[in-house]
Amino acid sequence: VRALCYGCQLAGGALAGPQAPPSGLPGSLLAVSAQLSACRTALRLFDDFAMLGYSCSYGLGPKDEDVLVRGLSVLCNLANQLYYPCEHVAWAADAGIIHVGSQKWWTLSTALWASSLLLGILRSLRILFQLRRKLRQHQCSTSSPPSRRAVKARVKAEVLSVLADLADLSNAIHWLPPGFLWAGHFPPWLVGLLGTISSLIGIYQASRGGNSEAV
């Protein structure tokens, strides 16, 4: 659904060009993208407990894991956990269920999402630094080829995670209030392109069994 949502936005924005408001096929594709985005927002109403379960199972992280990686992971989980209720309040306000201003809640949820992505990028960079050191150690030792292949696979997975998070972070900043970096300056096709890239990377990683086993 995510890939289709951003794919429609990419196609609609590219076909529309500078036309505003878009009509015809470009307008229809952008309308489909907006409806799929609303669908995704509604589906995330049920993600709180899944995220809470994951956060509780991770806790403060495995004791044998790098302290910095653990700290970044905990902060990332916290940002994700806070993101959901903020988005729910914004959704409920827009739907007329509660009578509060929705904009500040959308801004807060987007800021939390951006924070989570930034923390995820920092975590992946820290892991890549450690993996690079492992590869150097393997080159100086007689470690088996499967061990080196596993490290290289993890490096590839973390690089893909950084690229996906960077694409999403670019969009998250775009959706923040105007005046912050490039907020509000992306055309629809660029938002769609970045979202499509991150979605396809996510699909690829899921098909390869997640970060730890991706090849």
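Analysis parameters
- Each chain has its residues counted from 1, following the order in which its sequence is written.
- The predicted nature of this model means local features are confined to residues of pLDDT at least 70 and side-chain atom pairs, given and counted, to a pLDDT of 80 or more, with totals for whole chains, interfaces and linings taken over all residues.
- Hydrogens and water are ignored here; the side-chain numbers use all heavy atoms of the structure.
- Strands are runs of DSSP state E lasting at least two residues, helices are runs of H or I lasting at least four, and both sets are numbered from the N terminus onward.
- The buried label goes to any residue with under 20% of its type's maximum accessible area, the exposed label to any with over 50%, and the partly exposed label to all in between, with areas taken from a 1.4 Å probe on protein chains only.
- Should any heavy atoms of two residues lie within 4.5 Å, those residues are considered in contact.
- Reported accessibility uses the Shrake-Rupley method at a 1.4 Å probe radius. Residues are deemed covered only where the shown protein chains occlude them.
- Counted as positive: Lys and Arg. Counted as negative: Asp and Glu. His and the chain ends are not counted at all.
- Where a charge lies is defined by one atom per residue type, namely NZ (Lys), CZ (Arg), CG (Asp) and CD (Glu).
- Aromatic pairs are defined between Phe, Tyr and Trp rings, using the six-membered ring for Trp, whenever the two ring centres lie within 6.5 Å; interplanar angles under 30 degrees are classed as stacked, those over 60 as edge-to-face, and all others as tilted.
- As a per-residue quantity, pLDDT reports the predictor's confidence and falls between 0 and 100.
- How far a helix is expected to stretch is found by multiplying one less than its residue total by 1.5 Å.
- The term salt bridge refers to a side-chain nitrogen of Lys or Arg lying within 4 Å of a carboxyl oxygen of Asp or Glu.
- Any pair of cysteine sulfurs within 2.5 Å is marked as a disulfide.

Q: Help me understand the overall build of the chain in this model?
A: From N to C terminus, the chain includes 7 helices and 0 strands. Mapped from its N terminus to its C terminus, the chain presents α and β elements in the order α-α-α-α-α-α-α. Seen through its C-alpha atoms, the chain measures out along the principal axes to roughly 65 × 40 × 30 Å. Counting across all 215 residues of the chain, residues that qualify as buried make up 40%. Within the chain, residue pairs in contact and separated by at least 24 positions form 64% of the contacts whose partners lie at least 6 positions apart. Just so you have it, the chain exposes about 12,200 Å², and 67% of that area is on carbon and sulfur atoms. The averaged location of the 11 negative side-chain charges in the chain is 11 Å from the averaged location of its 18 positive side-chain charges.

Q: Which parts of the structure should I look at to understand the packing of aromatic side chains?
A: The geometry of two aromatic rings is summed up by the distance between their centres and the angle between their planes. Counted by the stated rule, this structure contains 4 aromatic pairs. Aromatic pair Y54 and Y58: ring centres 6.5 Å apart, planes at 20°, arrangement stacked. Here Y54 and its partner Y58 are both found in helix α3 (residues 48–58), 4 residues apart, which amounts to about one turn of the helix. With relative accessibility at 44%, the residue Y54 sits in the partly exposed group. Exposure remark for Y58: the relative accessible area of 16% places this residue in the buried category. Consider the rings of W182 and F186, whose centres lie 6.2 Å apart with planes at 10°: the pair is stacked.

Q: Explain the confidence of the model for the chain here, please?
A: Close inspection of predicted coordinates is inappropriate in any region flagged by low pLDDT. Summing up the model confidence of the chain, the mean pLDDT is 91 and the portion of residues at 70 or higher is 92%. The low-confidence segment residues 210–215 (pLDDT under 50) makes 16 contacts with residues lying over four places distant or belonging to another chain.

Q: Can you walk me through helix α7 (residues 188–207) in this structure?
A: Helical geometry note: an α-helix holds 3.6 residues per turn, so side chains three or four residues apart project in the same direction. Relative to the 28 Å expected for 20 residues at 1.5 Å per residue, α7 spans 28 Å between its end C-alpha atoms, a close match to the ideal helical length. Buried within α7 we find L190, V191, G192, L194, G195, T196, S198, S199, I201 and Q205. Two residues or fewer after α7 comes G209, characterised by a positive phi angle close to 95°.

Q: How should the pattern of salt bridges be read in this particular structure?
A: Where side chains of opposite charge bring their charged atoms close, a pairing between them can arise. Going through the model one piece at a time under the given rule, you end up with 4 salt bridges. The residue D168 makes a salt bridge to R2 at a minimum N-O spacing of 2.8 Å. In this pair, D168 is assigned in helix α6 (residues 145–174) and R2 in helix α1 (residues 2–16), connecting sequence segments 166 residues apart. Close ionic contact of R126 with D66 constitutes a salt bridge, the shortest N to O distance being 2.9 Å.

Q: How do you make sense of the state of the cysteines when you look at a structure like this?
A: Working definition: the covalent bond between the sulfur atoms of two cysteines is a disulfide. Overall, the coordinates contain 0 disulfides when judged by the stated rule. You can see C86 has no disulfide; the closest cysteine sulfur is in C76, sitting 15 Å from it. Taking relative accessible area as the criterion, C86 reaches 9% and is therefore assigned buried.

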